[in-house]
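# Tertiary structure, described
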Amino acid sequence: MRPSPILPGAAVGVLGSGQLGRMFALAARQMGYRVHVYSPDSDTPAGQVGDVEVAAAYEDLDRVRAFARGVSVVTFEFENVPSATSRAAAEVVPVRPDGHVLHLTQQRLREKTFLQDGGFPVTPFRAIRSAADLESAVRDLGLPGVLKTANFGYDGKGQQTLRPGADLAAAFAALSGTEGIYEAFVEFEQEVSVIAARGLDGHTAVFPVFGNSHARHILDLTVCPAPIPPSLAAEAMAMARGILESLQVVGLLTVELFVTRDGRLLVNELAPRPHNSGHLTLDACVTSQFEQQLRAVCGLPLGATDLRRPVAMANLLGDVWEDAGGVPDWSAALADPEVRLHLYGKAEARRGRKMGHLTATADTLEEAVRKVRDARRHLLRDASPS
Ligand code: AMP
């Protein structure tokens, strides 16, 4: 028998307390739920808008169980929560997505092996546990290639691009004893992502494809619809649905993909949660990715994923504050009435830290991109045209 849905008025628990948890909490509160947030920190982006903020270590399993007793379901906003933490919570209430999804997506080798075995296209890769492994991987897959730590990598952290003539011994040493993965370099035309949801009843809903560009390994700009042929977009969405179903996810799954220069799709990475590239759903889709996560983990019917209007999203890193000399010019950025501001409540603006984002909607994608870039530039006060 299928479990009954968790209805508005109930409390939902979130492991992790960053901006993804914040926007999830806002969506949940909008629908009348209470939100409890668990992370090692206090006065966090999510804690500020939740009903209860617990500041305790993920390893403190008694606190985790006590937290779980106060809610009807636990979800998470970042996948590097230790497996023991989600297991402890799962002794008390459902954890969605399930711990096996978390475990798989915490480690690149496990994730890529699962994808390859399931027939989903990935760039050729090898496990790296010794300097000799790296030498033979480079012989097999050639240079350039990308050496990554197998664990806990995001936003390009722990990643080295090896080019012809690279010092392989030094590259291996830089892994500092952790397991690595060597990937054949992908000559990509574009990076795209697909966010898909699966409910308790097995129904799925897939958002349209997002087109992503990065600066210094951090997402910079996302657009929707992605500027790729409709047939390729349909293929990417079908692939995301296939991965979601083979993992039996209850919740969200984000699939990051490369579009190669010869027009093929390769899966780069999975994330079992909302994603930075999906922030534009808040302003441009019928249902946001955060509301969708809530509906999925609570066993409610999923919402429609249709795009209402062409949209572009630009991340705001701490750099903006520094470059603006302290306080960005919010009024100037919001001069266009179709530009919207989202800030995450982080006190300290550091270079490279995600502080917020802007979105712009317009009649055309080109116009939306122009507006959002202009808005971000106007934050710098004495902005000169770029
Ligand atoms: P990741 O941490 O795997 O998401 O990688 C961060 C970024 O590095 C990606 O968004 C790509 O821009 C780039 N990248 C990662 N893997 C590869 C690869 N095998 N070939 C070329 N570029 C890559």
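Quick note: structure is the one above.
Starting afresh in each chain, residues are numbered from 1 along the sequence in its written order. Residue-level local features of this predicted model are given only where pLDDT is at least 70; pairs of side-chain atoms are given and counted only at 80 or more, and the full residue set underlies all totals for whole chains, interfaces and linings. Hydrogens are left out, water is left out, and the side-chain values use all remaining heavy atoms of the structure.

## Brief notes about the sheet that holds strand E6 (residues 145-149)
Paired strands, in this sense, are two strands between which DSSP finds at least two bridges. Working definition: helices are DSSP H or I runs of at least four residues, strands are E runs of at least two. Numbering for both runs from the N terminus. Here four strands make up an open sheet; going across it, the order is E5-E8-E6-E7 and the pairing antiparallel. Sheet topology places strand E5 (125-128) and strand E7 (159-162) at the edges, where each strand pairs with a single neighbour. Within the sheet, the average angular offset between the axes of one strand and its neighbour, ignoring direction, is 20°. One ladder, built from four bridges, connects E5 with strand E8 (residues 180-184); its direction is antiparallel. Along E8, the bridge assignment pairs Ala 127 with Ile 181. When checking whether two residues touch, look at their non-hydrogen atoms; a contact exists if any pair is within 4.5 Å. Fitted lines through C-alpha atoms give the axes, limited to the stretch in contact for helices. The angle between two N-to-C directions lies from 0 to 180 degrees. Running at roughly 150° to E5, helix H5 (residues 108-117) makes contact with E5, E6, E7 and E8 of the sheet.

## Structural notes on the packing of aromatic side chains
Describing an aromatic ring pair means giving the distance of the ring centres and the angle of the ring planes. Centre distance within 6.5 Å is the pairing criterion for rings of Phe, Tyr and Trp, where only the six-membered ring of Trp is used; planes under 30 degrees apart are then read as stacked, over 60 as edge-to-face, and the remainder as tilted. Following the criterion strictly, the structure yields five aromatic pairs and no others. Seen in terms of ring centroids, Tyr 38 and Tyr 58 are 6.1 Å apart; in terms of plane orientation they differ by 35°. Their pairing is tilted. Taken as a pair, Tyr 38 in strand E2 (residues 34-39) and Tyr 58 in the loop between strand E3 (52-55) and helix H2 (61-69) lie far apart in primary sequence, 20 residues in all. The pair Tyr 38 / Tyr 58 is uniform in exposure class, with both members buried. Taking 5.2 Å as the distance between ring centres and 65° as the angle between the ring planes, the aromatic pair formed by Tyr 38 and Phe 67 counts as edge-to-face. One end of the pair, Tyr 38, is in strand E2; the other, Phe 67, is in helix H2, with 29 residues separating them in the sequence. Per residue, the accessibility class of Tyr 38 equals that of Phe 67, and both read buried. Members of the aromatic cluster, joined through ring pairs, are Tyr 38, Tyr 58, Phe 67 and Phe 78. Partly exposed describes any residue whose relative accessible area lies between the buried limit of under 20% and the exposed limit of over 50%, with all areas from a 1.4 Å probe on protein chains only and scaled to the type maximum.

## Overview of the sheet that holds E3
The strand order E3-E2-E1-E4 describes an open sheet built from four strands, whose pairing is parallel. This sheet does not close on itself; its edge strands, each paired only once, are E3 and strand E4 (73-76). Across the sheet, the axes of successive neighbouring strands diverge by a mean angle of 20°, strand direction being ignored. Packing against the sheet, helix H1 (residues 19-30) makes contact with strand E1 (11-15), E2 and E4, and its axis sits at approximately 175° to E1. Sheet contacts for H2: E1, E2, E3 and E4; angle to E2, the most-contacted strand, approximately 175°.

## Focus: the side chain of Thr 281
Tracing the sequence through the fold places Thr 281 in helix H9 (residues 281-284). Polar contacts here mean pairs of N or O atoms no more than 3.5 Å apart (in protein, one a potential hydrogen donor and the other a potential acceptor; neighbouring residues in sequence count only if both atoms are side-chain atoms). In terms of polar contacts, Thr 281 uses its side chain to reach the backbone amide nitrogen of Gln 289, at 2.9 Å. Once residues within four sequence positions are removed from consideration, Thr 281 is found in contact with Phe 207, Phe 210, Thr 287, Ser 288 and Gln 289.

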